[in-house]
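What follows is each chain in one-letter form.
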Amino acid sequence: MKTNRRKFIATAATVAAGTVVASAMPTIIKPTTMTNRYPIVHHALFWLKNPESKEDRDKLVAGVKSLGKIETIKELHVGVVASTEKRDVVDNSWAVSEVMFFADLAGQAAYQSHPIHQQFIKDHSHLWEKVVVYDAVDA
């Protein structure tokens, strides 16, 4: 009887451990089944007039982050150039990046005319030489 009890306990412990490991594993979702909560993406890249100025870059970063107060922006990511591998397809000539997510086109349109956005342009446009915007919707 001791042998059966030991086997039972060992088996139960193994199953429990396997359950814990399996529950810690990430769930894999195929891209074809994923849905984006915020299907409108607005990505802007800024080139500074003074690309060597960390002060100008930091002022622009702070200004872009202030746009997050606009209600229709559902998510905001502000970034600077990453030190990734240099390849022909990588453009790292810009200084500051913003990626915004909107629930719908009306939200993105409201952002464009929002007083906070207009004030951002007024207060920070002297810092940049060029801006390129990429707007996309889920395919």
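An unreviewed UniProt entry annotates the protein as Dabb family protein of Mucilaginibacter lutimaris.

Now for the packing of helix α3 (residues 105-113) against helix α4 (residues 115-124). The interhelical angle for the contact between α3 and α4, taken along N-to-C directions, is 45°, at an axis separation of 5 Å. By the angle class used here, α3 and α4 are oblique. Every residue of α4 that contacts α3 at Y111, Q112 and S113 is listed here: P115, H117 and Q118. Each residue belonging to the contact of α3 with α4 can be placed in one class, and the counts come to 2 nonpolar, 4 polar and no charged.

Scanning the model with the defined rule gives 4 aromatic pairs in all. Taken together, a centroid distance of 6.3 Å and an interplanar angle of 85° make the contact between F46 and F120 edge-to-face. With F46 in strand β1 (residues 40-48) and F120 in helix α4, this residue pair connects regions lying 74 residues apart in the sequence. For the pair shown, F46 and F120 are each scored as buried. Here K130 stacks its cationic end above the ring of W47, 4.3 Å away from the centre of that ring.

Let's shift gears to the pattern of salt bridges. Pairing is possible between side chains of opposite charge, provided their charged atoms come close. Tallied over the entire structure, the rule returns 4 salt bridges. Where E75 meets R37, a salt bridge forms, and the shortest distance between an N and an O atom there is 2.9 Å. Pair noted here: E75 is in strand β2 (residues 75-80) and R37 is in the loop between α1 (2-24) and β1, with a separation of 38 residues, a long-range link. Judged by its relative accessible area of 33%, E75 is partly exposed. The shortest N-O distance in the salt bridge between K59 and E55 comes to 3.4 Å.

It is worth spelling out the packing of helix α2 (residues 54-66) against α4 at this point. Look at α2 against α4: their axes get within 9 Å of each other, and the N-to-C directions meet at 170°. Looking at the two axes, α2 sits roughly antiparallel to α4. Counted together, K59, L60, G63, V64 and S66 of α2 and I116, F120 and H124 of α4 form the full contact between these two elements. Along the lines of polarity and charge, the residues of the contact of α2 with α4 split into 4 nonpolar, 3 polar and 1 charged.

What counts and how
Residues numbered from 1 in each chain as written. Predicted model: local features only at pLDDT ≥ 70, side-chain atom pairs only at ≥ 80, totals over all residues. Heavy atoms only, no water. Axes fitted to C-alpha atoms, helices over the stretch in contact; angles between N-to-C directions. Helix = DSSP H or I, 4+ residues; strand = E, 2+ residues; numbered from the N terminus. Parallel < 35°, antiparallel > 145°, perpendicular 65-115°, else oblique. Contact = heavy atoms within 4.5 Å. Nonpolar A, V, L, I, M, F, W, Y, C, P; charged D, E, K, R; others polar. Phe/Tyr/Trp six-rings, centres within 6.5 Å; stacked < 30°, edge-to-face > 60°. Buried < 20%, exposed > 50% of the residue type's maximum accessible area, 1.4 Å probe, protein only. Lys NZ or Arg CZ within 6 Å of the ring centre and 35° of its normal. Salt bridge = Lys/Arg side-chain N within 4 Å of Asp/Glu carboxyl O.

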